[in-house]
Every structure is written in structure tokens, then in C-alpha cells.
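Okay, here's what each chain looks like letter by letter:
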Amino acid sequence: MTEVELTSGDFTEENEPFSLFGAWLKDATASEINDPNAVAVATVDENGLPNVRMVLLKDYDERGFVFYTNFESQKGRELLGQQKAAMVFHWKSLRRQVRLRGEVEVVTDQEADEYYATRPRGSRIGAWASKQSRPLEGRFALEKSVAEYTARYALGDIPRPPHWSGFRIKPVSIEFWHDRPFRLHDRVEFRRETPEGDWMKVRMYP
Ligand SMILES: Cc1cc2nc3c(=O)[nH]c(=O)nc-3n(C[C@H](O)[C@H](O)[C@H](O)COP(=O)(O)O)c2cc1C
């Protein structure tokens, strides 16, 4: 059982998913041992074969859920190609899950620049140095690349690489799940036809 005082009460009475998500993320921030914003992102390749990996959620609001990555990575290519994704959060300490799905859009250059500017210098160099998801002959090649970019950007600002930015998943479905005894969990899905549409709430059998 968690020892954290939860900010969210009976979530099945909520009628709007974003404020409910905010309350659950706040609870997770107080109770998880690390990375409460860690989330699995599923994509699909051009043959329909799914792929999933963890990322860190960096922003969310009524428009959607944002994370940042290398656009030439496997996920970057799949998202640019198929423009659809799903996410699942699992907060073990709270026994809660949130999953969502929808089409993706690329964040604006301004949003990406603003977030990039908040990253530590080493992470900004890393965004240049890593050819994410492509074969690496050895650790030394990565360290050499880091050293080269560190020298190149020794003075002044480190610009955001053109291949590094954010994706926003614009959900048409968000489902909240909370563990209850005997596997009789609470499960509520918010659905809408389009990312601009009104939410419909559906309670589901667990
Ligand atoms: C907790 C956690 C958080 C991560 N956050 C990110 C992230 O925000 N962006 C990212 O590109 N990769 C992140 N990664 C690495 C990805 O899981 C993945 O290994 C990498 O992005 C390459 O994925 P791809 O080949 O499917 O593109 C994270 C990994 C973990 C375990």
C-alpha cells in the first residue's frame, strides 16, 4: 500500500481526462522512486509490426502528450511515417495505469527550442553526438563523437540539431485503471471521435 496521501478521490466520477491525468501524475511524482513521467510509447512500422520503448513525458495539456527524441531514430521514422502512436504509464507504487492513443504531430520549432534550452549542456551535446538507433561500432566511437561536438560548441550556445524535436500524441482515447481487490479493478475510458471533439465517458468491466 502507498503511504502517500492521494490528491485524487473517486476518479470514476471525473468527466474530463486531462485534469484527472494531472492529479494522477502529481500522486505518482510524490510516490514513485524515480521518473514518474516515464511512459512506454508504441509505434508501428511500414509493415504494421509494432514497436515499444520508454520515453519521458515532457509536457501535456488539452492538445496532447509530448516527448522529445531523435527524428532519425527507429521511433522517429515510424512516427513520421505512420503518424499514429499509443502510450501507457504504469505507476507501480500506486497500482495505477493510464493508456492513450491517437495521431501524432510534430511540436513547433519554438516549443522544441524552448525545451532544448532547458536541457543540461551534456544532454544538448549528446543530441548531436548520438546517431540514435543506428549501429555503433563501440563505446569509443560515441565518446569520440561527444568530444568532437564538445570542441565544436566549446564557445556560445549549442543549437538544437535539426533532427531532434518533439512529438505530440493527440489522444482520441484515454483510459484510467486503478487496482481494486480480487481483480475487480476500476476502469474508465474517455473517448472522442476527433482530437477536437467532446469526450464521452465509458466505464468498463475490468
Ligand atoms: C526511463 C527511460 C526514459 C527514456 N526516455 C527517452 C526519451 O525521452 N527520448 C528518447 O529518445 N529515448 C528515451 N529513452 C530511450 C528509449 O527507450 C530508446 O532506447 C531509444 O529512444 C531508441 O528507441 P528507438 O530505436 O525505438 O527509436 C528512455 C529510456 C528509458 C528506460
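The preceding data block contains the structure.
In this text, all values refer to a predicted model and were calculated from it rather than measured experimentally. (Residues numbered from 1 in each chain as written. Predicted model: local features only at pLDDT ≥ 70, side-chain atom pairs only at ≥ 80, totals over all residues. Heavy atoms only, no water.)

A.B. asks: Account for the site of the ligand, with residues named and values stated.
C.D. replies: Taken together, Asp-35, Arg-53, Met-54, Val-55, Leu-56, Tyr-68, Thr-69, Ser-73, Gln-74, Lys-75, Gln-132 and Ser-133 make up the full set of residues adjacent to the ligand. The contact in question runs from an oxygen atom of the ligand to an N or O atom on the side chain of Lys-75, over 2.5 Å. Calculation on the ligand without its partners gives an accessible area of 620 Å², and the protein chains cover 63% of this total. Within the residue set of the shell around the ligand, elements represented by two or more residues are strand S2 (50-56), strand S4 (64-70) and helix H2 (74-82). Looking at which element gives the most residues to the shell around the ligand, the answer is S2, with four residues. Grouping the constituent residues of the shell around the ligand by class yields four nonpolar, five polar and three charged. (Near = heavy atom within 4 Å. Polar contact = N/O pair within 3.5 Å; in protein donor to acceptor, adjacent residues only side chain to side chain. Areas by Shrake-Rupley, 256 points an atom, 1.4 Å probe, with all protein chains shown as cover. Helix = DSSP H or I, 4+ residues; strand = E, 2+ residues; numbered from the N terminus. Nonpolar A, V, L, I, M, F, W, Y, C, P; charged D, E, K, R; others polar.)

A.B. asks: If you had to explain the pattern of salt bridges to someone new, which residues and values would you point to?
C.D. replies: Under the definition given, this model contains 16 salt bridges. With its nearest N and O atoms 3.2 Å apart, the salt bridge here joins Arg-99 to Glu-175. One end of the pair, Arg-99, is in strand S6 (residues 96-106); the other, Glu-175, is in strand S7 (residues 164-178), and 76 residues separate them in sequence. Residue Asp-113 is joined to Arg-160 by a salt bridge in which the shortest nitrogen-to-oxygen separation is 2.6 Å. Highlighted residues: Asp-113 in helix H3 (residues 109-118) and Arg-160 in the loop between helix H5 (139-152) and S7, separated in sequence by 47 residues. Here Arg-160 falls in the buried class, since its relative accessible area comes to 17%. Overlapping salt bridges, with partners in common, bring together Glu-105, Glu-111, Arg-168 and Lys-170 in one network. (Salt bridge = Lys/Arg side-chain N within 4 Å of Asp/Glu carboxyl O. Buried < 20%, exposed > 50% of the residue type's maximum accessible area, 1.4 Å probe, protein only.)

A.B. asks: Explain the packing of helix H4 (residues 121-129) against H5 to me, and be specific about the residues and the numbers.
C.D. replies: The N-to-C vectors of H4 and H5 enclose an angle of 115°; their axes lie 9 Å apart at closest approach. For the pair H4 and H5, the sense of crossing is right-handed. Where H4 abuts H5, its residues Ile-125, Trp-128 and Ala-129 lie against Leu-142, Ser-145, Val-146, Tyr-149 and Thr-150. Grouping the constituent residues of the contact of H4 with H5 by class yields six nonpolar, two polar and no charged. (Axes fitted to C-alpha atoms, helices over the stretch in contact; angles between N-to-C directions. Left-handed = near helix turned anticlockwise from the far one by under 90°. Contact = heavy atoms within 4.5 Å.)

A.B. asks: Lay out the environment of Ala-127 with the relevant residues and their values.
C.D. replies: Secondary-structure assignment places Ala-127 in helix H4. Remark: the alpha-carbon pair of Ala-127 and Arg-53, spanning 74 residues in sequence, is separated by 18 Å. Setting aside chain neighbours within four positions, we find Ala-127 in contact with Tyr-116, Arg-119, Pro-161, His-163 and Trp-164.

A.B. asks: Tell me about the side chain of Ser-73, residues and numbers included.
C.D. replies: With respect to the element layout, Ser-73 can be found in the loop between S4 and H2. On the accessibility criterion, Ser-73 (0% relative accessible area) is buried. Within polar-contact distance, the side chain of Ser-73 engages the backbone nitrogen of Gly-76 at 3.1 Å. Those residues in contact with Ser-73 that sit more than four places away from it in its chain are Gln-132 and Ser-133.

A.B. asks: Lay out unusual backbone geometry with the relevant residues and their values.
C.D. replies: Despite not being glycine, Phe-182 shows a phi value in the positive range, around 60°. Take Phe-182: it is sitting in the loop between S7 and strand S8 (186-191). Its identity is not glycine, yet Arg-183 carries a phi of approximately 65°, on the positive side. Relative to the elements of secondary structure, Arg-183 occurs in the loop between S7 and S8.

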